[in-house]
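# Residue-level structural notes
Now for the letters of each chain:
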Amino acid sequence: MENETGFTMERLTEMLQQKGIRPTAQRIAVLSAVANGRTHTSAEEIYRRLSTVFRSLSRTTVYNSLGILVEHGVLRELEIEAGCWRYDLAGQAAHSHFVCRSCGCILDLPMPGGVAEGVDSQFDIDSVDITYRGLCPQCRQKVQPNNKQTDRQ
């Protein structure tokens, strides 16, 4: 498995053990796919990626592992697209998401203002999800490639 952001197998195992989760190879691999990936992966994407490594891996195992990781607060579910759950590490600093309407990339953005700004204190907020949609810088550049024309008068 690639280790793009620095979560070693030892660190992933420790994260599971701290939450009281038995660190099976499949659970560590599922957690690694989310923690070390650059995208907010879906269960199906995780399954496709891991099934090349674990030949006997089933979709059920992936879904069950994700469910346990969400239930114990290791991961959080994001419904960025209707009906498609994606996963992000729990416990990160609050952030919003940007979805490019052209290429589909999903990027983390800083959270605007206070997380619960303007919300009555009687509420016990578990999570806040803000999703922006538009064109990422790369796709915007393709649509509007240096349209800077100068007047030569």
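Above this text you will find the structure in question.
These notes cover the structure that comes with them. This is a predicted model, so every value here is computed, not measured.

### As for a nonpolar patch on the surface
Together, V119, F123 and I125 make up an exposed nonpolar region whose accessible area comes to about 270 Å². With respect to the secondary-structure elements, F123 resides in the loop between β4 (106-110) and β5 (131-134).

### Some words on the sheet that holds strand β3 (residues 95-100)
As a general point, the strands of a sheet are linked pairwise by backbone hydrogen bonds and lie either parallel or antiparallel. Spatially, the three strands line up as an open sheet ordered β4-β3-β5, and their pairing is mixed. Of all strands in the sheet, those bounded by a partner on one side alone are β4 and β5. Taking the axes of each pair of neighbouring strands and ignoring which way they run, one obtains an average angle of 30° across the sheet. Across five bridges, the pairing between β3 and β4 is antiparallel. Across the sheet, S96 pairs through a bridge with L109, a residue of β4.

### Describing the nonpolar core
Membership of the largest hydrophobic core comes to 23 residues, with the highest contact counts inside it found for L31, I46, V62, L66, L69 and L75. Not counting residues within four places of it along the chain, the set of residues in contact with L69 comprises L16, I21, R27, V30, L31, V74 and L75.

### Considerations on helix α1 (residues 9-18)
All of the buried residues in α1 are L12, T13, M15 and L16. Looking straight down α1, one finds its buried side chains confined to an arc of 155°; they lie on one side. Seen from the buried face of α1, the exposed residues on the opposite side, beyond 90 degrees, are E10, Q17 and Q18. Tucked inside the fold, the buried residues of α1 contact α2 (25-35), α4 (59-71) and β2 (84-89). In the stretch just after α1, G20 is the one whose phi turns positive, near 75°.

Calculation rules
Residues numbered from 1 in each chain as written. Predicted model: local features only at pLDDT ≥ 70, side-chain atom pairs only at ≥ 80, totals over all residues. Heavy atoms only, no water. Patch = residues over 30% accessible without salt bridge, like charges linked within 9 Å, V, L, I, M, F, W, Y side chains within 5 Å. Areas by Shrake-Rupley, 256 points an atom, 1.4 Å probe, with all protein chains shown as cover. Salt bridge = Lys/Arg side-chain N within 4 Å of Asp/Glu carboxyl O. Helix = DSSP H or I, 4+ residues; strand = E, 2+ residues; numbered from the N terminus. Pairing = 2+ DSSP bridges. Axes fitted to C-alpha atoms, helices over the stretch in contact; angles between N-to-C directions. Core = buried A, V, L, I, M, F, W, Y, C linked by side-chain atoms within 4.5 Å. Buried < 20%, exposed > 50% of the residue type's maximum accessible area, 1.4 Å probe, protein only. Contact = heavy atoms within 4.5 Å. Arc of directions from axis to C-beta.

Geometric descriptors of this kind do not, in isolation, establish any biological role.
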